[in-house]
Amino acid sequence: MTDSIAIEDRSGHRVRVTVGGRVNLIGDHVDYMGGPVLPMAIDLGTTIEAEVGGKAVELISTAHPGAVRFPLPVTDGTRAPGWARYPVAVAAELHASAGLRGTVSTTLPTGAGLSSSAALEVAVAMSLGAVGSPDDLAHLCQRAEHRATGVPSGIMDQLSIIAGHDNHATLIDCATLDIRAVVVPPEAAVWVVHSGDSRQLGSTEYAQRREQAEQAAAIVGALPTADANATEAIADPVLRRRARHVRSESGRVLAAADALEAGDLATVGRLMSESHRSLRDDYEVSTPALDALVERLTAMDGVFGARLTGAGFGGCVVALASPEVHLDEGWRVRPSEGVRLEVDPD
Ligand code: GLA
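Residues numbered from 1 in each chain as written. Predicted model: local features only at pLDDT ≥ 70, side-chain atom pairs only at ≥ 80, totals over all residues. Heavy atoms only, no water.

(A) Focus on the pairing of strand β3 (residues 36-52). Across the 17 residues that make up β3, a large majority, 14, are buried. By the bridge criterion, eleven bridges tie strand β2 (residues 14-26) to β3 in an arrangement that is antiparallel. Looking at the pairing, Val 15 lines up with Ala 50 of β3. Inspection of the sheet shows β3 paired to strand β8 (residues 168-173) by two bridges, in the antiparallel sense. Across the sheet, Val 37 pairs through a bridge with Ile 172, a residue of β8. Strand direction decides the pairing type here: β3 and strand β6 (residues 100-106), joined by seven bridges, are antiparallel. Looking at β6, one finds that Glu 49 is bridged to Thr 103. (Buried < 20%, exposed > 50% of the residue type's maximum accessible area, 1.4 Å probe, protein only. Helix = DSSP H or I, 4+ residues; strand = E, 2+ residues; numbered from the N terminus. Pairing = 2+ DSSP bridges.)

(B) Looking closely at the packing of aromatic side chains. Counted by the stated rule, this structure contains one aromatic pair. Both rings, one in Tyr 32 and one in Tyr 206, keep their centres 5.5 Å apart while their planes meet at 70°; by these two values the pair is edge-to-face. Of this pair, Tyr 32 sits in the loop between β2 and β3 while Tyr 206 is found in helix α5 (residues 203-220), placing the two residues 174 residues apart along the sequence. Tyr 32 sits in the buried class, given a relative accessible area of 9%. Assessed through its relative accessible area of 7%, Tyr 206 is described here as buried. Here the guanidinium or amino end of Arg 242 rests over the ring plane of Tyr 283, the centre of that ring lying 5.9 Å away. (Phe/Tyr/Trp six-rings, centres within 6.5 Å; stacked < 30°, edge-to-face > 60°. Lys NZ or Arg CZ within 6 Å of the ring centre and 35° of its normal.)

(C) Quick look at unusual backbone geometry. Cis geometry marks the peptide bond from Leu 72 to Pro 73; its omega dihedral reads -5°. Mapping Pro 73 onto the fold places it in the loop between β5 (68-71) and α1 (85-94). Phi at His 29 takes a positive value of approximately 60°, unusual for a residue other than glycine. Although it is not a glycine, Phe 313 sits at a positive phi angle of roughly 60°. Along the chain, Phe 313 falls in the loop between β11 (303-308) and β12 (316-321). Take Phe 313: its relative accessible area is 12%, and that puts it in the buried class.

Structure follows, in structure tokens:
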């Protein structure tokens, strides 16, 4: 349904849209089961600068070779290679009929679990003039992600970016889409470090985990709020572990949001490290490289905790540290406004 999304006609105008990626502080593989998540939009992102108008989308990327060009409207049969599949999918979901011509640049590493694809989707939607509530825009971009990749991902990435604020993480209840902005205190430094395993969001593995969690929920009801005795009584050991992760992770997210707000970084860090163990042992989405990196980072003075972030299967670790800590690797990221849109910038 795109009923509540309007398209603002900016033909003849120039736009500059900068959209951040996101890092998830805690709460992975719970969004699609209606659990709570605590991500933050970050100051690494993707920018589109374009002239609006015409009957086609033409984009050059400073990071990837080859121009993307496709006529509007996009018909359902349109298939696009490489990164072109994201703009094509967004234009299709939006039923866009007015095009644009411009460039895409990014400071986000791709395939690292920092939601470069969601940032691109949101940037394309905003450039094409999409206007709507954060929930509706996020749903539109989530449908585009599904269309582009076939991966049945949740709502966290798109919504956390669209709802992102400077200096805040965003607690999202993925059952109701209620949002609470949670201050990230200045004593909290957030680092993202790549494990070296390029992420194969093996669509099959992600989809399989989701399916297993849904099977477990069919036995005991909503997993985020399930009773521990009930999840532990699930006969199938794999489904029992999946259920245990979703249930325990949901509890950790709520506790971490409260601890962050109270400035209790030691508790947040401990919960992050517990989250990693749960993703490793119960959800089985970690890799030896991610585990080794988490161990190395958590052993450092001034690091409160670390965990894989995003879907796992490779990609990045997020670490919470005191500001005195300086890592020679990765990126220090800051909680930022997720979307900046300028029409006719100087
Ligand atoms: C990917 C998906 C999200 C979420 C995470 C795991 O980033 O896009 O919806 O499921 O994995 O938490």
